[in-house]
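Examination of the molecular architecture
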Amino acid sequence: MEGQRMRITPLQNIIRVTVACVITLLVACGQQSTPTPPTAPPAAPNPVQIDANDIGGVVTSENGPEAGVWVIVETADLGTGFIKSVVTNDSGYYLVPDLPSANYDIWVRGYGLVDSPKVQASPGENLNLTAVVAPSAAAAAQYYPAGYWASLIEIPGTDAFPGEGPQGNGISTNMHSQAQWLQWLKTGSCYTCHQLGNKATRELSEELGEFPDSVSAWARRIQSGQAGADMARQSGEFGPSAFLGMLADWTDRIAAGELPPAPPRPEGLERNVVVTLWDWANEKAYLHDQISSDRRNPQVNAGGLIYGSPELSTNLMPVLDPVRNTVTDIPLTTREELPPAAMQAMLQPSPYWGDEVIWDSTTNAHNPMFDQDGRVWMTAKVRPSENPDFCKAGSDHPSAALTPLDSAGRHASMYDPETGEVHHIATCFSTHHLNFADDENNTLWFNGYASQVVGWLDTKMWDETGDEEASQGWTSLILDTNANGTRDEYVGPDEPIDPTKDKQITDAFYAAAPAIDGSVWGSILGFPGAIVRLDPGSNPPATALAERYELPWDEATTAINGYSPRGMDIDRNGVAWMGLASGHMASFDRSKCNNPLNGPDATGRHCPEGWTFYEEPLPQFKNVTDSGSAEGSYYTWVDQFDALGLGANTPINTGNQSEGLLALDDEEWVVLRVPYPMGFYVKGMDGRIDDPSLGWKGKGVWTAFGSRTPFHMETGKGTLPKVAHFQVRPDPLAR
C-alpha cells in the first residue's frame, strides 16, 4: 500500500542484522584471501667492497655458496708471469687485492671441485664465479696435495727389519728399523730434492719407454738425467729390490684406481691467506733458496729486490723486482775457471730433456743471506777444492794450528748491489748454509755439508782489511765431558770417554742458527739425529764447547718417538725448532733439562724432557702405526719479528708434501697452501717488513720454489721456477 510504512517485527530485525554481519565477514575474509604484498626488506649489502685494483664477488655452485675454496688469477701481461690466490669466506665471498693493471684469467679451484672454466677479468670488477662440483671422487682427488697421494705408499712393516739383504727380503742389512727407512726416504734421499706424490711421480710416464713390469720401469726412471747416478746410489741404501718394489706397488695401485683420503678445506686463519707468485730464472734452472731481508732486522731492503741461489743449475743468480714485476739476473763468478759442479753425464736420458745437459753451474751457489748494509752473502765455490798452505797442518793460523783442513768444496761470495760487484772469500772450511750473529762484528757463521768443523767470518774485519785469511776461523766440536766448564785436552772421536778430559765428536752441522745469547745451534742429520749447541767462548778455535742433544727415539720416558731433523732455526727465547723425518715439528728447550749439561754422561741422551713434538697435518703412510705423518719438512724458519702476522717467534715448516707452508700458531697448524700450480716445494724462507704502518699489506714471508724438477709441476715442461710471497689478512675480504 502506497504511502504506508512496512512494519518490521523484532524477529525480522534480528534476521536482518545477522545477515548483514555475515555479509560483512564474507567481504572481510575475501579481502584477506588476496592480501597486498608486504614491502620487501632492503637487500643485504654486498660484503665485498673493492678498490680499483681489486677483483671480488661470490663463488657458488649447484650446492650453493662455496666456502673455503681458492680463487686464482693469472696474467702474462706483466714483465714476468704473475699469479695470485685467495680463499673464499664462510659465505663464499672472495676478494683478490692489490692487482697490477693487466688482463687476468680467473677461476675457482677447491677440494670437492674441478677447476671452473677460466674467465677474463680486470682489476676493479665485481665478478661472481660459478664453481664446478667434481663429477667423481677420482676427479676431485687430482687437486689433493702430493702428500695425500704419497700416504698410499705401503712402507715395509716393522717385522721386516732389520733387513735381510738381497738373499732375504731385499731390504739392506744396514736398515735396522722402519723408522730408519722413513728417515732415509725423507731426509736422506727422495724428499730432499723433489716432491713425491705429485702427478709426475705417482704415474709412470710413457716417455720412459715400454717395460715388462712397473719394477723395471722404476729402475729405469731413477737413472734419468743428471741426477740419475745419485738417485740410483740412494736407492741402494734401502736395498734396491725392496725399494723399487715398494714404489711399483704404489703406482700400480693408483693406476688401478686407489684414491687417498680427502683433505679438509681451509678453515679459520687459513682463509685469510694471500699468496702471490712471480716467475723467474728459466725453464732449465732450479733454485735452492731466495733472500729478501736480514734475518736480524726484517726492515733491511724494505720494498727491494729478491735474490735467488741457483745451486747446481746455472751461474745466473735471478733477481725479482716485486714492485715493477720484472726479472733480471746477475752472473756469479769464480777466481779461476772451474768445471761444472753437477755431473755432466747421465746413466739414462731424461724423459723431459733427453740427452741434453741442462745443469752447468761452476759456482754451485747454495744459500744467500742479507747483511745489515743490504749486501747479499752466499755459500758458493770460488776456487779449486785444494786448500792453500795457511789452512793446512804446519800453519800458524789459529784455527789451522788446532784443526788443519786440506780441502773445501764450497766457499763464500758477496754481491754488493750498490757497486754491482761480486766479491770472493776463499774459506778453508766447506760451506753449505750461513747465518749472521747478533754481535758487533757481524760474524757470519757457516756449516759445511758433512764437515766436522763449524766456520765463521768476521765480516767487520773483512770489510776493514780485506784480509780473508785473518778474518776467518773454524773449530771442531768438543764436549765438556770432564765438566770443568772450559775446553782443554780432549780424546779423539774414536776413543772412549775419559772423565778427566773433554771429548771430540764427529757430528756435522746441517744448519747454522746463531742465537741472541751468542751460541750457535746446528742440526745433525742421520738416525735418530741430534742438535748441537756451540758456545764459541772468547777465542773460538781454542775455547768453543759443544752440547749435544739427541732425538729421544725409542726412549721409554717419551710419549712420542720423533727422529731425524734436517733444517732448523732458533727463536728469540733460545728454543730450537726443526722439522723431523718422523712427520713432526719438534722444539727443544734447553731450560727444561733436569740433568747436568756437561760431564761424562752428557753425550746426547741426557735431556729427553727438553723435547716437544707436533704431528704435521698429513695422513700417515700405509703400514706405519707410529705417531707422525707422510710429511717430512726440509727446513724450519722462525718468524722472530712477526713478518707473517701470526705473532713473533712463530715457527714455520716447509710443508712440501702439503704443498704449502706449515705455521704452528698456539700449537695449532695453519696450512698456507699454494693451490696453483700444484707442485709447491721449497727449501727455506725469510720474512720482510716493508712498512709497519701498512699492517698486513706491509709485510710477509718470502720463499722460492726449490724443487730440482720444476717440470714436475702441473704445468709441465717449460714451467719456470717461482718466487712466492705469503701474507695473512685480518679477514678473507680485507683490502
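This report concerns the structure included in the present document.

Reading the values: the criteria
Residues numbered from 1 in each chain as written. Predicted model: local features only at pLDDT ≥ 70, side-chain atom pairs only at ≥ 80, totals over all residues. Heavy atoms only, no water. Pairing = 2+ DSSP bridges. Helix = DSSP H or I, 4+ residues; strand = E, 2+ residues; numbered from the N terminus. Axes fitted to C-alpha atoms, helices over the stretch in contact; angles between N-to-C directions. Disulfide = S-S within 2.5 Å. Buried < 20%, exposed > 50% of the residue type's maximum accessible area, 1.4 Å probe, protein only. Polar contact = N/O pair within 3.5 Å; in protein donor to acceptor, adjacent residues only side chain to side chain. Contact = heavy atoms within 4.5 Å. Arc of directions from axis to C-beta.

Pairing in this open sheet of 4 strands is antiparallel, and the strands run β35-β36-β37-β38 from one edge to the other. One side of each edge strand has no neighbouring strand; the edge strands of this open sheet are β35 (636-639) and β38 (668-673). Here the strands of the sheet are splayed against their neighbours by 25° on average, with no regard to which way each runs. Where strand β36 (residues 650-655) and strand β37 (residues 660-665) come together, 4 bridges link them in antiparallel fashion. When the bridges of β37 are listed, Thr654 appears paired with Leu661.

It is worth spelling out the state of the cysteines at this point. Under the definition given, this model contains 2 disulfides. At a sulfur-sulfur separation of 1.9 Å, the disulfide partner of Cys391 is Cys428. Since a negative S-S torsion denotes a left-handed disulfide, the Cys391-Cys428 link at about -65° is left-handed. Taken together, the residues span a long stretch of sequence, with Cys391 in the loop between β18 (376-380) and α9 (398-402) and Cys428 in the loop between β20 (421-425) and β21 (434-436) at a distance of 37 residues.

Looking now at the pairing of strand β3 (residues 70-75). Taken across its 6 residues, β3 has 5 buried, putting it largely inside the fold. With 5 bridges connecting them, β3 and strand β6 (residues 104-109) associate as antiparallel partners. Bridging from a neighbouring strand, Val73 pairs with Ile106 of β6.

This brings us to the side chain of Ser224. When you line up the elements, Ser224 lands in the loop between α6 (214-221) and α7 (228-238). By relative accessible area, which is 11% here, Ser224 ends up buried. In this structure the side chain of Ser224 is engaged in a polar contact, spanning 2.7 Å, whose partner is the side chain of Arg220. Within the structure, the side chain of Ser224 is placed 2.9 Å from the backbone oxygen of Arg221, a separation counted as a polar contact.

Spatially, 4 strands are ordered β13-β14-β15-β16 in an open sheet, and the strand pairing comes out antiparallel. What marks the edges here is a single partner per strand, and that holds for β13 (289-291) and β16 (326-331). Neighbour-to-neighbour, the strand axes of this sheet turn through a mean angle of 25°, independent of strand direction. Sheet topology note: the strand β14 (residues 306-309)/strand β15 (residues 316-321) ladder contains 2 bridges and is antiparallel. Considered in β15, the bridge of Tyr307 is made with Val319.

Burial runs high along strand β31 (residues 565-570): 6 of the 6 residues are buried. Taken together, the 4 bridges between β31 and strand β32 (residues 576-580) define a ladder with antiparallel strand orientation. Each bridged residue has a counterpart across the sheet, and for Pro565 the counterpart in β32 is Leu580. Linking β31 back to β32 in an antiparallel pair, the connection comprises 5 residues, with Gly574 at a positive phi of about 85°.

Secondary-structure assignment places Leu316 in strand β15. Of the residues examined, Leu316 reaches a relative accessible area of 34% and is grouped as partly exposed. Taking the C-alpha atoms as reference, Leu316 lies 15 Å from Asp279; in sequence the two are 37 residues apart. Contacts of Leu316, omitting those with residues within four sequence positions, involve Pro310, Asp329, Ile330 and Pro331.

So, about α7. Owing to its 3.6 residues per turn, the α-helix aligns residues three or four sequence positions apart on the same side. Of the positions making up α7, those classed as buried are Gly228, Gln234, Ser235 and Phe238. In an axial view of α7, the angular spread of the buried residues amounts to 130°, which keeps them on one side of the axis. The inward-facing, buried residues of α7 contact α4 (178-188) and α8 (240-255). Once α7 finishes, Gly239 follows within two positions and takes phi at roughly 105°, a positive value.

Note that the residue after Phe527, namely Pro528, is joined by a cis bond; omega there is 0°. Structurally, the position occupied by Pro528 is in the loop between β28 (520-524) and β29 (530-535). Looking along the chain, the bond that leaves Tyr676 and enters Pro677 is cis, with omega of -10°. Structurally, Pro677 can be placed in the loop between β38 and β39 (686-689). Notably, Asn325 is not glycine yet its phi reads approximately 60°, a positive angle. Topologically, Asn325 is positioned in the loop between β15 and β16. If you check the backbone angles, Glu667 has positive phi at about 65° while not being a glycine. Mapped onto the secondary structure, Glu667 falls in the loop between β37 and β38. Owing to a relative accessible area of 56%, Glu667 belongs among the exposed residues under this scheme.

Shape descriptors only; they carry no functional weight alone.
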